[in-house]
Amino acid sequence: MASSVRLDLDGNPIKPITICMIGAGGFIGSHLCEKIMAETPHKVLALDVYNDKIKHLLEPDTPWAARIQFHRLNIKQDSRLEGLIKMADLTINLAAICTPADYNTRPLDTIYSNFIDALPVVKYCSENQKRLIHFSTCEVYGKTIGSFLPKDSPLRQDPAYYVLKEDASPCIFGSIEKQRWSYACAKQLIERLIYAEGAENGLEFSIVRPFNWIGPRMDFIPGIDGPSEGVPRVLACFSNNLLRQEPLKLVDGGQSQRTFVYIKDAIEAVLLMIENPARANGHIFNVGNPNNEVTVKQLAEMMTQIYAKVSGEPALEKPTIDVSSKEFYGVGYDDSDKRIPDMTIINQQLGWNPKTSLWDLLESTLTYQHRTYAEAIKKAIAKPVAS
Ligand SMILES: NC(=O)c1ccc[n+]([C@@H]2O[C@H](COP(=O)([O-])OP(=O)(O)OC[C@H]3O[C@@H](n4cnc5c(N)ncnc54)[C@H](O)[C@@H]3O)[C@@H](O)[C@H]2O)c1
Ligand SMILES: O=C(O)[C@H]1O[C@H](OP(=O)(O)OP(=O)(O)OC[C@H]2O[C@@H](n3ccc(=O)[nH]c3=O)[C@H](O)[C@@H]2O)[C@H](O)[C@@H](O)[C@@H]1O
């Protein structure tokens with residue numbers, strides 16, 4: 001009979017722990033809660049303002065009902081926060097404003113959310129000697145060194161000028177008027193604070209830098225489960241266009257490059273961090289898929305092709321249109337040119353590698369989008385506009 005004892009990477013039995021997960025109701029939180037409930041004995045205190053994305057995990061008749069508790073609270077102002085952190089062995093902080101459309105239009109909310117609101121979480125973990133896994137972002141790298149070279153410089157092809165390394169690459173942001181960088185800058189400062197708490201006060205921490213994790217339940221579809229005028233991240237923007245049979249909008253021609261990783265691969269890396277503290281503590285981890293690089297234009301073309309396949313609806317004759325970033329995001333927008341994660345540290349410490357190709361992850365995600373939203377979109381389009 002197979003043993004039910006789960007072992008860590010060093011062959012030691014994993015003890016069940018209690019996790020205080022802040023922002024558990026979001027995209028990443030919902031997948032992490034799902035994984036922890038289905039595959040581990042750990043308990044989760046799930047904190048968020050919303051719980052729509054984890055409702056299915058909170059039903060009273062599930063096998064894990066005794067292991068998950070939802071606490072509806074806003075960490076900006078709730079005296080229960082310290083008590084919940086104290087009740088847990090580990091805190092995972094996911095709470096943030098993290099959609100680029102907000103960085104230049106709501107810079108104050110962005111800075112407060114990503115820096116000021118995270119301060120008490122770090123403080124309570126440090127004072128109570130609790131372990132912290134904090135979610136930062138690949139945006140802390142900003143632009144690549146290579147982006148400042150002349151367009152025709154052969155050095156642009158040299159990985160030394162674009163691969164992003166946790167312990168070596170600089171953080172390169174635009175000027176202060178480019179408010180796009182308010183998010184990255186706030187995340188950078190909270191990383192530095194956590195690092196300093198580790199160095200001066202012994203805080204046990206890991207910092208995660210996600211590189212464009214995508215999959216089901218990411219953000220919202222405008223006018224269906226989010227505001228009509230809202231601008232989510234690119235996966236949801238393009239899904240919305242495909243569902244409505246509108247051309248996909250390419251910001252400044254869609255020349256920026258991204259590497260996309262499937263949420264289900266990425267969550268495995270987080271579980272390894274949770275269950276291997278001795279290997280994860282004190283480290284900053286890039287979590288991404290360097291093999292899944294495309295320009296945004298290529299992403300749009302691929303999503304168009306895959307959506308036609310999974311929906312059975314033919315693609316538009318002209319599937320994309322160019323828009324300026326000023327028109328799409330407003331003044332103060334700027335962009336990361338290229339994001340390739342170096343994988344040395346996560347490989348060495350946790351032996352993790354992503355598995356899913358971009359084609360496969362888009363196929364499963366767009367199948368989900370079609371199944372979840374196509375009917376609702378048809379109804380919304382058919383509804384006569386109130387006069
Ligand atoms: N998805 C990605 O690829 C990605 C990439 C880089 C960084 N990140 C970081 O990972 C974290 C989670 O991202 P996500 O994609 O799941 O975003 P998300 O917006 O889906 O989830 C964030 C959750 O935090 C909650 N929240 C925000 N402020 C709160 C507050 N004051 N009190 C209580 N709850 C609050 C929100 O309601 C939301 O459910 C964020 O810190 C983000 O910056 C994500
Ligand atoms: O996911 C990440 O790793 C990080 O990057 C994202 O930033 P970004 O990749 O710029 O955000 P997206 O909205 O996913 O946009 C990707 C690219 O597509 C472009 N885009 C977006 C939407 C659209 O309709 N059309 C379009 O061309 C954007 O201009 C950008 O170049 C967000 O800042 C965070 O969620 C996160 O920290």
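Computed from a predicted model, the values in this text were never measured in an experiment.

1. Quick notes on the overall build of the chain
- A tally of helices and strands in the chain yields 13 helices and 15 strands.
- Here the chain has a C-alpha radius of gyration of 21 Å; the compact-globule value for 387 residues is 21 Å, and the two agree.
- Counting only C-alpha atoms, the chain reaches 55 × 55 × 45 Å along its principal axes.

2. A short note on the UniProt feature "domain: NAD-dependent epimerase/dehydratase" (unreviewed entry) in the chain
- In this structure's numbering, the residues bearing the UniProt feature "domain: NAD-dependent epimerase/dehydratase" (unreviewed entry) are residues 19-288.
- Secondary structure within residues 19-288 divides into 33% helix and 18% strand; the distance between the first and last C-alpha atoms comes to 24 Å.

3. So, the site of ligand 2
- Around ligand 2, the surrounding shell holds 19 residues, and the nearest of these are T137, R233, V234, C237 and V251.
- Among the secondary structure elements, those contributing two or more residues to the shell around ligand 2 are α7 (234-243) and β9 (248-251).
- Residues belonging to the shell around ligand 2 are distributed by class as follows: 10 nonpolar, four polar and five charged.

4. Some remarks on the confidence of the model for the chain
- Summarising the model, the chain shows a mean pLDDT of 97, and 98% of its residues fall at 70 or more.
- We note a pTM of 0.98 for the whole complex and an ipTM of 0.99 for its interfaces.

5. Quick notes on the site of ligand 1
- Taken together, 23 residues surround ligand 1, and among them G23, G26, I28, A96 and C98 come closest.
- With three residues, helix α1 (residues 27-39) is the largest single contributor of residues to the shell around ligand 1.
- When the residues that make up the shell around ligand 1 are grouped by side-chain class, the tally is 12 nonpolar, eight polar and three charged.

6. What to know about helix α8 (residues 263-275)
- Spanning 13 residues, α8 covers 18 Å between terminal C-alpha atoms, matching the ideal 18 Å at 1.5 Å per step.
- When we look at burial in α8, the residues that qualify are I263, D265, A266, I267, A269, V270, M273, I274 and E275.

7. Quick word on helix α6 (residues 182-201)
- Counted at 1.5 Å a residue, the expected span for α6 with its 20 residues is 28 Å, and the 28 Å between its end C-alpha atoms agrees.
- S182, Y183, A184, C185, A186, K187, Q188, I190 and I194 are the residues of α6 that are buried.

8. A closer look at the sheet that holds strand β1 (residues 18-22)
- With respect to topology, seven strands assemble into an open sheet ordered β3-β2-β1-β4-β5-β7-β12, the strand pairing being parallel. Looking at which strands have only one partner, the edges of the open sheet turn out to be β3 (68-72) and β12 (283-287). Here the strands of the sheet are splayed against their neighbours by 15° on average, with no regard to which way each runs.
- As defined by bridge partners, β1 adjoins strand β4 (residues 90-93) across four bridges and the pair is classed as parallel. Paired with I19 across the two strands is L90, which belongs to β4.
- In the packing of α1 onto the sheet, contacts are made with β1, β2 (43-48) and β3, and the angle to β2 comes to roughly 165°.
- The strands touched by α8 within the sheet are β4, β5 (131-135), β7 (205-210) and β12, with β7 carrying the most contacts at an inclination of about 175°.

9. Description of unusual backbone geometry
- A positive phi angle is found at Q129, which is not glycine, with a value near 50°.
- The class for Q129 is exposed, based on 10 C-beta atoms found within 10 Å.
- Positioned with a positive phi, D219 is a non-glycine residue whose angle comes to about 55°.
- Secondary-structure assignment places D219 in the loop between β8 (213-214) and α7.

10. Here's the deal with the packing of helix α4 (residues 107-114) against α6
- For the pair α4 and α6, interaxial distance at closest approach is 8 Å and the crossing angle is 20°. By the criterion of interaxial angle, the relationship of α4 to α6 is roughly parallel. Where α4 crosses over α6, the handedness of that crossing is right-handed. Along the contact surface, α4 presents P107, T110, I111 and N114, while α6 presents S182, Y183, A186, K187 and I190.
- Residues belonging to the contact of α4 with α6 are distributed by class as follows: five nonpolar, three polar and one charged.

11. Describing the nonpolar core
- Among the nonpolar cores identified, the biggest contains 97 residues, and M21, I22, C33, A266 and M303 are the most heavily contacted of them.
- Each residue touching C33, except ones within four places of it in the same chain, is listed here: M21, A24, V44, A46, I54, L57 and I68.

12. A word on the pairing of β5
- When you tally the buried positions in β5, you get five out of five residues, the bulk of the element.
- Residues R131, I133 and F135 point to one face of β5 and L132 and H134 to the other, with burial holding for every one of them.
- Two elements, β4 and β5, share four bridges in a ladder whose sense is parallel. In the strand pairing of β5, L90 is matched with R131.
- With four bridges connecting them, β5 and β7 associate as parallel partners. Bridge assignment links L132 to a residue of β7, and that residue is F205.

What counts as what
What you see as residue numbers is a count from 1 along each chain, following the sequence as written. Chain letters start at A and ligand numbers start at 1, both assigned in the order the entries are written. Where totals are concerned, whole chains, interfaces and linings use all residues; where local detail is concerned, this predicted model gives features only for residues with pLDDT of at least 70, and gives and counts side-chain atom pairs only at 80 or more. A helix here means a DSSP run of H or I that spans at least four residues, while a strand means a run of E at least two residues long, and both kinds are numbered starting from the N terminus. Here the globule rule is a power law, 2.2 Å times the number of residues to the power 0.38, and the radius of gyration is based on C-alpha atoms. UniProt positions are given in the numbering used here, feature names are shortened, and annotations may be inferred rather than shown by experiment. To decide nearness, the C-beta atom of each residue is placed from the backbone, and the residue is near a molecule or strand if that atom lies within 6 Å of it. Polar here means any residue other than Ala, Val, Leu, Ile, Met, Phe, Trp, Tyr, Cys and Pro, which are nonpolar, and Asp, Glu, Lys and Arg, which are charged; Gly is therefore polar. Confidence scores per residue from the predictor, reported as pLDDT, run from 0 to 100. Given the number of residues in a helix, its expected span is that number minus one, multiplied by 1.5 Å. Three exposure classes are used. Buried residues have 20 or more other C-beta atoms within 10 Å of their own C-beta, exposed residues have 12 or fewer, and partly exposed residues fall in between, all C-beta atoms being placed from the backbone. Only strands that DSSP links by at least two bridges are regarded as paired with each other. As a rule, the C-alpha atoms of each element are fitted with a line to give its axis, helices using only the stretch in contact, and angles between N-to-C directions run from 0 to 180 degrees. Note on contacts: residues are paired as contacts if their backbone-placed C-beta atoms lie within 7 Å. Relative orientations are named as follows: roughly parallel for angles under 35 degrees, roughly antiparallel for angles over 145 degrees, roughly perpendicular for angles from 65 to 115 degrees, and oblique for any other angle. The hand of a helix crossing depends on one turn: near helix anticlockwise from the far one by less than a right angle means left-handed, and clockwise means right-handed. Note on terminology: a nonpolar core is a set of buried residues of type Ala, Val, Leu, Ile, Met, Phe, Trp, Tyr or Cys, with members joined through C-beta atoms within 7 Å.

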